[in-house]
Amino acid sequence: MSDYEMMDKEEIYSKVLRAGRRTYFFDVRATKAGDYYLTVTESKKFTNDDGSFHYKKHKIYLYKEDFTEFKEILSEMTDYIINEKGQEVISERHQKDFKREDDFVTQEAKTPEDTKNIDSFTDISFDDI
């Protein structure tokens, strides 16, 4: 049995985070000596032109002796990003179904008089023209 297969059998505890096209796997594993370490795997789904798909995976191994510094730097970096750019995910603005928060406020502020004119429009597809 290869070392890779052996490591997969030594999985102790796992959590999964699904985030759009990405999935993150957090796995506690055991070394041959019986100590624990963490693997974090990012798996990203890609669709081929023919409709089939494949996954690209990237994995990091994190050992106990690095936990404290890793957590400190991760916390510092995530705090920096939130402080500099806020909670909004800018890339969401470029998705076809994106609705800005202030659009919802504007919609709620409209009176029934305002919506009459909107309802009188006909939904026409370009295929109908």
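Residues numbered from 1 in each chain as written. Predicted model: local features only at pLDDT ≥ 70, side-chain atom pairs only at ≥ 80, totals over all residues. Heavy atoms only, no water.

Chemist: A description of the overall build of the protein should follow, citing residues and the corresponding values.
Modeler: Counting its secondary structure elements, the protein contains four helices and four strands. Taken across its 129 residues, the protein has 9% of its residues classed as buried. The contacts in the protein between residues at least 6 apart in sequence include a share of 14% that link residues at least 24 apart. Carbon and sulfur atoms form 53% of the exposed surface of the protein, whose accessible area is close to 11800 Å². (Helix = DSSP H or I, 4+ residues; strand = E, 2+ residues; numbered from the N terminus. Buried < 20%, exposed > 50% of the residue type's maximum accessible area, 1.4 Å probe, protein only. Contact = heavy atoms within 4.5 Å. Areas by Shrake-Rupley, 256 points an atom, 1.4 Å probe, with all protein chains shown as cover.)

Chemist: Just give me the short version of the pattern of salt bridges, but keep the residues and values in it.
Modeler: Per the stated rule, a full pass over the model turns up three salt bridges. Residues R29 and D27 are paired through a salt bridge, measuring 3.6 Å at the closest nitrogen-oxygen approach. According to the relative accessible area criterion, D27 is buried, its value standing at 7%. A salt bridge links K64 to D35; the nearest nitrogen and oxygen atoms lie 2.7 Å apart. Linking K64 in the loop between β4 (53-63) and α2 (67-85) with D35 in the loop between β2 (22-30) and β3 (36-47), this pair joins segments that are 29 residues apart in sequence. (Salt bridge = Lys/Arg side-chain N within 4 Å of Asp/Glu carboxyl O.)

Chemist: Describe in detail the sheet that holds strand β1 (residues 11-19), supporting the description with residues and values.
Modeler: Spatial strand order, β1-β2-β3-β4: four strands in an open sheet with antiparallel pairing. Both edges of this open sheet fall to β1 and β4, since each of them pairs with a single strand only. Averaged over all neighbouring strand pairs, the angle between strand axes comes to 20°, with direction disregarded. Here β3 pairs with β4 via 11 bridges, running antiparallel. From the neighbouring strand, T39 faces β4, where its bridge partner is Y61. (Pairing = 2+ DSSP bridges. Axes fitted to C-alpha atoms, helices over the stretch in contact; angles between N-to-C directions.)

Chemist: Account for the packing of aromatic side chains, naming residues and giving values.
Modeler: When we look at a pair of aromatic rings, we describe it by the centre distance and by the angle of the planes. Tallying each qualifying case throughout the model produces three aromatic pairs. Taken together through their ring pairs, the aromatic side chains of Y37, Y61 and Y63 make up a single cluster. Against the face of F46 rests K56, its NZ or CZ located 5.0 Å from the ring centre. (Phe/Tyr/Trp six-rings, centres within 6.5 Å; stacked < 30°, edge-to-face > 60°. Lys NZ or Arg CZ within 6 Å of the ring centre and 35° of its normal.)

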